[in-house]
Amino acid sequence: QGQLVESGGGLVQAGDSLSLSCTASGRSFSYWNMGWFRQAPGKEREFVVGINYIGGTHYADSVKGRFTISRDNAKNTLYLQMSSLKFEDTAVYYCAATGGRMAVASVPGAYDLWGEGTQVTVAS
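Definitions and cut-offs
- Residues numbered from 1 in each chain as written.
- Predicted model: local features only at pLDDT ≥ 70, side-chain atom pairs only at ≥ 80, totals over all residues.
- Heavy atoms only, no water.
- Phe/Tyr/Trp six-rings, centres within 6.5 Å; stacked < 30°, edge-to-face > 60°.
- Helix = DSSP H or I, 4+ residues; strand = E, 2+ residues; numbered from the N terminus.
- Lys NZ or Arg CZ within 6 Å of the ring centre and 35° of its normal.
- Disulfide = S-S within 2.5 Å.
- Buried < 20%, exposed > 50% of the residue type's maximum accessible area, 1.4 Å probe, protein only.
- Core = buried A, V, L, I, M, F, W, Y, C linked by side-chain atoms within 4.5 Å.

Draft legend 1. Region of the structure containing the packing of aromatic side chains. Counted under the stated rule, the structure contains 4 aromatic pairs. Taking 5.6 Å as the distance between ring centres and 70° as the angle between the ring planes, the aromatic pair formed by Phe37 and Phe47 counts as edge-to-face. Of this pair, Phe37 sits in strand β4 (residues 32–39) while Phe47 sits in strand β5 (residues 46–51), and the two are 10 residues apart along the sequence. Put simply, the rings of Phe37, Phe47, Tyr111 and Trp114 pair up and form one aromatic cluster. The residue whose ring lies beneath Arg45 is Tyr94, and the NZ or CZ to ring-centre distance is 3.9 Å.

Draft legend 2. Examining the state of the cysteines more closely. Scanning the model with the defined rule gives 1 disulfide in all. There is a disulfide in this structure between Cys22 and Cys95, and the S-S distance comes to 2.0 Å. An S-S torsion of about -75° defines the bridge between Cys22 and Cys95 as left-handed. Residue Cys22 is found in strand β3 (residues 18–26), and its partner Cys95 is found in strand β9 (residues 91–99); the two are separated by 73 residues along the sequence. Cys95 shares its class with Cys22; the two are buried.

Draft legend 3. Spotlight on the nonpolar core. Counting 34 residues, the largest nonpolar core has Met34, Trp36, Leu78, Met82 and Tyr93 as the members making the most contacts within it. Listed by contribution, the elements that provide at least two residues to this core are β3, β4, β5, β7 (67–72), β8 (77–82), β9 and β11 (118–123). Among the elements that take part in this core, β9 stands out by supplying 5 residues, more than any other.

Okay, structure coming up:
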């Protein structure tokens, strides 16, 4: 049994930076693949970035060069550092987990455990 809880969302201006965290309770995610997804009103949930159990990463083209994913296995915590934020980044951001493997999946259906999300709003 595991749970994921996101934190760090808020209201920022375009061009600002913001950091999100995702902390697991219960079972450790040290050997899980992890991912960040986001969903804006009226749109489908989309892949942002993922990291496998040994640190390999894959970024969506829309955030490459602006967002950075990292993990601290000792703290069972996943991070997302966001820079140069745009209005288009406004969404609810979700943390997700799945069993460890080399490939980083980019579809929501590949992930088994989800947090409840945290709102990120970028003023236009």
